[in-house]
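# A closer look at the structure
Listed here are the chains, written in short residue letters.
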Amino acid sequence: KPDLLDALLAARDPETGAGLGEEEVGANIVTFIGAGHETTANALTWSLYLISLAPDVRTALETEIDAAGDDLAAAALSGEGLALTRAVIEEAMRLYPPVPSLSRTALADDVAGACIIPKGALVVISPYLLHRHQTLWQAPEQFRPERFLPGAREAIPRYAYLPFGAGPRICIGQQFAMVEAMIVLAVLLRRLRFDYAGSDAPMPVQRITLRPGRGMPMRVTVRRPSRRGSQPTEAN
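Worth saying up front: this structure is predicted, and the values here are computed from it rather than measured. (Residues numbered from 1 in each chain as written. Predicted model: local features only at pLDDT ≥ 70, side-chain atom pairs only at ≥ 80, totals over all residues. Heavy atoms only, no water.)

## So, helix H3 (residues 55-66)
Here H3 contains 12 residues, and its C-alpha end-to-end distance of 16 Å stays within 8% of the 16 Å for a straight helix at 1.5 Å per residue. Inspection of H3 places Val 57, Arg 58, Leu 61, Glu 62, Glu 64, Ile 65 and Asp 66 among the buried residues, and these make up the whole buried set. Buried residues along H3 sit in contact with helix H2 (22-52), helix H4 (72-78), helix H5 (83-95), helix H7 (174-191), strand S5 (192-196) and strand S8 (218-223). (Helix = DSSP H or I, 4+ residues; strand = E, 2+ residues; numbered from the N terminus. Expected span 1.5 Å × (residues − 1). Buried < 20%, exposed > 50% of the residue type's maximum accessible area, 1.4 Å probe, protein only. Contact = heavy atoms within 4.5 Å.)

See below:
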């Protein structure tokens, strides 16, 4: 079937009919591999950290995952089978957005509130700050996945939550990334339990993406999935 490379090679400018050059095709491929891998990995890393600090959330999450059946991909795609799993990832990306800042160049003079933006100015938007703003979120520093459960998520203002950006430049891989992260998290938590093993809280550091500055030490134990919950057993 046609894949991403086929689409890039076939792409044509609607006005000139010109295609992408070899360097442009290569740059797009590298961006998809790099950005698509590291951003999802960081979102999962922060999710595991936050889950380890919230026993009630972890218990509910394990129960949901154990009841989801063998086809976790189908459960993730259904929109209902892993609702809490998705909410946990979205809340983790609120507190620790994989891309903590976005920049755009103004194509023309503009005004935002009382701020005059001249043509050519570099405008920086910080999802990290926006996601923790007290006027937009209740208890913004707290890990509350229920904000993103069906029935509650719809009340979140569109531009208060920007883990994938917004507008014409929104992340093209948004839907894929969410489903991928849900499946990976479900697979991990069905068999394993993660407990944060650091002596201090991890310090988020921006290196294009938002990662823990000194890594994320975890104590990993094996658990036996059960439809009625589970108790972990020590890993070797």
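## What to know about the side chain of Glu 91
One can find Glu 91 in helix H5. Taking relative accessible area as the criterion, Glu 91 reaches 0% and is therefore assigned buried. In this view, Glu 91 contacts Gln 142, Phe 143, Arg 144, Pro 145, Arg 147 and Phe 148; residues no more than four positions away in its chain are not counted.

## Points about the packing of aromatic side chains
Applying the stated criterion to the full structure yields 6 aromatic pairs. Taking the centre distance of 6.2 Å and the plane angle of 80 degrees together, the rings of Trp 46 and Tyr 49 count as edge-to-face. On the criterion of helical spacing, the pair formed by Trp 46 and Tyr 49 is a turn pair, its members being 3 residues apart in helix H2. On the numbers, 4.8 Å between centres and 50 degrees between planes, the contact of Phe 148 with Tyr 161 is tilted. In this pair, Phe 148 is assigned in the loop between helix H6 (127-130) and H7 and Tyr 161 in the loop between H6 and H7, connecting sequence segments 13 residues apart. With relative accessibility at 3%, the residue Phe 148 sits in the buried group. Among the aromatic residues, those joined into a cluster by ring pairs are Trp 46, Tyr 49, Tyr 96 and Tyr 196. Sitting above the plane of the Trp 137 ring, Arg 94 keeps its charged end 5.2 Å from the centroid. (Phe/Tyr/Trp six-rings, centres within 6.5 Å; stacked < 30°, edge-to-face > 60°. Lys NZ or Arg CZ within 6 Å of the ring centre and 35° of its normal.)

## Quick word on a nonpolar patch on the surface
On the surface, Leu 4, Phe 32 and Ile 172 cluster together to form a nonpolar patch covering roughly 290 Å² of accessible area. Looking at the secondary structure, you find Leu 4 in helix H1 (residues 4-10). With a relative accessible area of 34%, Leu 4 lands in the partly exposed category. (Patch = residues over 30% accessible without salt bridge, like charges linked within 9 Å, V, L, I, M, F, W, Y side chains within 5 Å. Areas by Shrake-Rupley, 256 points an atom, 1.4 Å probe, with all protein chains shown as cover. Salt bridge = Lys/Arg side-chain N within 4 Å of Asp/Glu carboxyl O.)

## Brief notes about unusual backbone geometry
Positive phi, close to 50 degrees, is recorded for Ala 139, a residue that is not glycine. Positionally, Ala 139 belongs in the loop between H6 and H7. Its identity as a non-glycine residue notwithstanding, Ile 208 has a phi of 70 degrees, on the positive side. With respect to the element layout, Ile 208 can be found in the loop between strand S6 (204-207) and strand S7 (209-212).

## Considerations on the packing of H5 against H7
Running from N to C, H5 and H7 cross one another at 115 degrees; their axes reach a closest spacing of 9 Å. As far as their axial angle goes, H7 and H5 are roughly perpendicular. Between H5 and H7 lies a crossing whose hand is right-handed. Judged by residue contacts, Thr 85, Arg 86, Val 88, Ile 89, Glu 90 and Met 93 of H5 engage Met 178, Ala 181, Met 182 and Leu 185 from H7. Here the contact of H5 with H7 is built from residues that sort into 7 nonpolar, 1 polar and 2 charged. (Axes fitted to C-alpha atoms, helices over the stretch in contact; angles between N-to-C directions. Parallel < 35°, antiparallel > 145°, perpendicular 65-115°, else oblique. Left-handed = near helix turned anticlockwise from the far one by under 90°. Nonpolar A, V, L, I, M, F, W, Y, C, P; charged D, E, K, R; others polar.)

## Focus: the pattern of salt bridges
In the structure shown here, the tally under the stated rule is 10 salt bridges. In this structure, Arg 211 and Glu 38 form a salt bridge, with 2.3 Å as the shortest nitrogen-oxygen distance. Of this pair, Arg 211 sits in strand S7 while Glu 38 sits in helix H2, and the two are 173 residues apart along the sequence. Note on Arg 211: relative accessible area 31%, which makes it partly exposed. Among the residues examined, Glu 38 registers a relative accessible area of 26% and is labelled partly exposed. Counted as one network, the salt bridges with shared partners bring together Glu 62, Asp 66, Arg 193 and Arg 223.

Purely geometric numbers; function is a separate question.
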